[in-house]
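What follows is the residue order along each chain.
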Amino acid sequence: MTARILDGNALGRELRSRMRGRVEVLAARGVTPGLAVILVGENPASKVYVRNKGRACEELGMHAPLINLTGSTSEADLLAEIAKLNDDPAIHGILVQLPLPAHIASKKVLEAIAPHKDADGFHPINVGLLASGTPRFAPCTPAGVMEMLAAENINPRGKHAVIVGASNIVGKPMAMLLLQKGATITICNSKTPDLGAMTRQADILVVAVGRPKMVTGDMVKPGAVVIDVGINRLVEGPNAGKLAGDVDFDTAKDVASLITPVPGGVGPMTITMLLENTLRAAELTAGLNAV
Ligand code: GUN
């Protein structure tokens with residue numbers, strides 16, 4: 001069997017084009033959705049991500065000021081910047097790109113973002129809303145994965161979803177979203193013994209660990225749906241410099257029924273859902289019934 005490839009670029013484009021009408025409704029009311037993107041320091045991968053996020057916002061008619069602070073910015077100065085954006089009526093969403101430099105407490109920073117402007121869905125209030133089954137802003141990467149499944153008419157109800165990686169950004173919210181759709185969930189982490197025995201049970205396998213090609217074809221159940229959240233820059237071997245996912249695509253594609261590529265799979269969906277959350281924040285502020 002060779003898996004069908006889930007094209008996140010195409011689906012992302014389609015979903016973003018469907019958002020245009022909503023941007024126009026807001027424009028007619030004099031509202032331009034605004035997402036403030038804060039980057040602290042010069043992490044090369046983060047710079048690429050924030051540039052892509054800003055570009056996607058502008059393509060859709062949103063404004064997305066980038067606030068690039070130096071790597072030596074103090075926690076207090078970053079918190080002051082967030083406080084300003086919380087009070088700025090032109091800003092509907094605030095995103096602080098992670099990871100932050102080690103001298104800044106991420107938890108404190110994420111808690112400083114006004115919950116109704118939390119485009120990433122990382123504030124404890126939004127985490128709680130998601131966990132209790134009434135999400136306001138679901139974290140963008142797992143929300144994007146749910147859109148990919150829905151676009152393929154994959155109903156998680158009754159399926160066994162195995163998630164490799166228990167991060168706050170992907171693994172945990174992914175589990176919540178799939179659980180709410182009726183899946184049986186297993187979350188694995190770096191201490192899980194015999195990972196393959198777990199992943200081979202998965203009807204839906206989501207891998208988000210940040211280790212290139214860690215999940216190989218022999219760890220995939222025949223016919224499974226494989227969602228690869230990893231984006232790793234290879235540093236050695238014949239493909240040095242190229243991007244690779246957490247899944248070994250070449251071996252997994254012969255076992256799975258559907259698989260996401262890297263790049264061009266989950267990545268573009270993450271950005272799309274960030275636009276969705278920002279748009280929803282602007283609609284809620286404008287008193288429109290968000291979809
Ligand atoms: N770093 C890696 N993924 C993300 C994300 O989804 N949001 C933010 N803010 N930082 C990230």
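Residues numbered from 1 in each chain as written. Predicted model: local features only at pLDDT ≥ 70, side-chain atom pairs only at ≥ 80, totals over all residues. Heavy atoms only, no water.

### Remarks on the pairing of strand β4 (residues 93-96)
Filter applied, for reference: Each residue gets one of three labels from its accessible area relative to the maximum for its type: buried under 20%, exposed over 50%, partly exposed in between, using a 1.4 Å probe on protein chains only. In DSSP terms, a helix is any run of H or I states spanning at least four residues, a strand is any run of E spanning at least two, and both are numbered starting from the N terminus. Strand pairing is defined by DSSP finding a minimum of two bridges between the two strands.
The side-chain alternation of β4 yields two buried faces, one formed by Gly93 and Leu95 and the other by Ile94 and Val96. Summarising the sheet, strand β2 (residues 35-40) and β4 pair through 4 bridges and their orientation is parallel. The residue of β4 that forms the bridge with alanine 36 is isoleucine 94.

### Structural notes on the site of the ligand
Selection rule: The cutoff for a nearby residue is simple: one of its non-hydrogen atoms must lie within 4 Å of the molecule or strand. Definition of a polar contact: a pair of N or O atoms within 3.5 Å, with one able to donate and the other able to accept a hydrogen when the atoms are protein atoms, and with sequence-neighbouring residues admitted only if both atoms are side-chain atoms. Each accessible area value is a Shrake-Rupley result obtained with a 1.4 Å probe; residue values ignore everything except the protein chains displayed when judging cover. Residues are called lining when one of their atoms sits within 4 Å of a cavity or pocket point, these points coming from a 1 Å grid over the protein atoms alone, where a cavity is a set in which a 1.4 Å probe fits but cannot get out and a pocket is an open set with protein on both sides within 12 Å along at least five of seven lines. Pocket occupancy is defined atom-wise: a molecule lies in a cavity or pocket when more than half of its atoms are within 2 Å of its grid points. Only Asp, Glu, Lys and Arg are considered charged in this grouping, and only Ala, Val, Leu, Ile, Met, Phe, Trp, Tyr, Cys and Pro are considered nonpolar; every other residue, Gly among them, is considered polar.
Every residue near the ligand is listed here: Leu95, Val96, Gln97, Leu98, Asp120 and Phe122. For the ligand, a nitrogen atom lies 2.8 Å from a polar atom in the backbone of valine 96. Between glutamine 97 and the ligand, the recorded distance is 3.3 Å, taken from a side-chain N or O atom to a nitrogen atom. When isolated, the ligand has an accessible area of 280 Å², and the protein chains bury 82% of it. Placement of the ligand is best described as lying within the largest pocket. A class-by-class count of the residues in the shell around the ligand yields 4 nonpolar, 1 polar and 1 charged.

### With respect to the pairing of strand β3 (residues 66-69)
Note the cut-off: When the strands point away from the viewer, a crossover counts as right-handed if the path from the first strand over the helix to the second runs clockwise.
Only one face of β3 is buried, namely the one carrying Ile67 and Leu69, since none of Leu66 and Asn68 on the opposite face is buried. Bridge count between β2 and β3: 4 bridges; the pairing is parallel. Paired with valine 40 across the strands is leucine 69, a residue of β3. Taken together, β2, helix α2 (residues 44-59) and β3 constitute a β-α-β crossover, and its handedness is right-handed.

### Focus on the sheet that holds strand β7 (residues 204-207)
What links the strands of a sheet is backbone hydrogen bonding, and the strands pair in either a parallel or an antiparallel sense. The strand order across the open sheet formed by 6 strands is β1-β11-β8-β7-β5-β6, and the pairing between neighbours is parallel. In the strand order of this sheet, the two ends are held by β1 (4-5) and β6 (184-188), each with one partner. Bridge count for strand β5 (residues 160-164) against β7 is 4 bridges, and the pairing is parallel. Opposite valine 162, over in β7, you have leucine 205 as the bridge partner.

### Considerations on the nonpolar core
To keep things clear, this is the line we draw: Among buried residues, those of type Ala, Val, Leu, Ile, Met, Phe, Trp, Tyr and Cys that are joined through side-chain atoms within 4.5 Å constitute a nonpolar core. The contact criterion used throughout is that any non-hydrogen atoms of two residues lie within 4.5 Å.
In this structure, Leu149, Leu178 and Ile227 are the most contacted members of the largest nonpolar core, which totals 51 residues. Take this core: its biggest share by element is 8 residues, from helix α10 (residues 266-285). Not counting chain neighbours up to four residues away, the residues in contact with leucine 149 comprise Ile154, Leu178, Ile204, Val225 and Ile227. If you look at the next biggest cluster of nonpolar residues, it comprises 18 residues, including Val162, Val215, Met219 and Ala252.

### Brief notes about unusual backbone geometry
Following leucine 98, the chain continues into proline 99 via a peptide bond in cis, with omega recorded as 5°. In this structure, proline 99 sits in the loop between β4 and α4 (106-112). In the Ramachandran plot, aspartate 194 falls in the positive-phi region, its phi being about 45° despite a non-glycine side chain. Structurally, the position occupied by aspartate 194 is in the loop between β6 and α8 (195-199).

### A short note on the packing of helix α1 (residues 8-28) against α10
Going by this rule: What counts as an axis is a line fitted to C-alpha atoms, over the stretch in contact for a helix, and the angles between N-to-C directions run from 0 to 180 degrees. In these notes the angle categories are as follows: under 35 degrees is roughly parallel, over 145 is roughly antiparallel, 65 to 115 is roughly perpendicular, and the rest is oblique. Two helices crossing with the near one rotated counterclockwise from the far one by less than a right angle form a left-handed crossing, whereas a clockwise rotation gives a right-handed crossing.
One way to put it is that α1 packs onto α10 with a least axis distance of 9 Å and a crossing angle of 15°. Judged by the inter-axis angle, α1 sits roughly parallel to α10. Along this stretch, α1 crosses α10, giving a crossing that reads as left-handed. Residues Gly8, Asn9, Leu11, Gly12, Leu15, Arg16, Met19, Arg22, Val23 and Leu26 of α1 pack against Pro268, Met269, Thr272, Leu275, Glu276, Leu279, Arg280, Ala282 and Glu283 of α10. Looking at side-chain class alone, the contact of α1 with α10 contains 10 nonpolar, 4 polar and 5 charged residues.

### Considerations on the environment of glutamine 97
Tracing the sequence through the fold places glutamine 97 in the loop between β4 and α4. Note on glutamine 97: relative accessible area 7%, which makes it buried. Note: C-alpha distance between glutamine 97 and aspartate 120 (23 residues apart in sequence) is 9.5 Å. With near-sequence residues (within four places) excluded, glutamine 97 lies in contact with Ile38, Leu39, Ser46, Tyr49, Val50 and Lys53. Among the polar contacts listed, one links the side chain of glutamine 97 to the side chain of lysine 53, at a separation of 2.7 Å.

### Some points on the pattern of salt bridges
Stated formally: In what follows, salt bridge is the name for a side-chain nitrogen of Lys or Arg lying within 4 Å of a carboxyl oxygen of Asp or Glu.
Inspection of every chain in the model, using the stated rule, returns 11 salt bridges. Between glutamate 276 and arginine 280 there is a salt bridge; the shortest N-O distance is 3.2 Å. Taken as a pair, glutamate 276 and arginine 280 lie in helix α10 at a separation of 4 residues, close to a single helical turn. With respect to class, glutamate 276 is no different from arginine 280; both count as buried.

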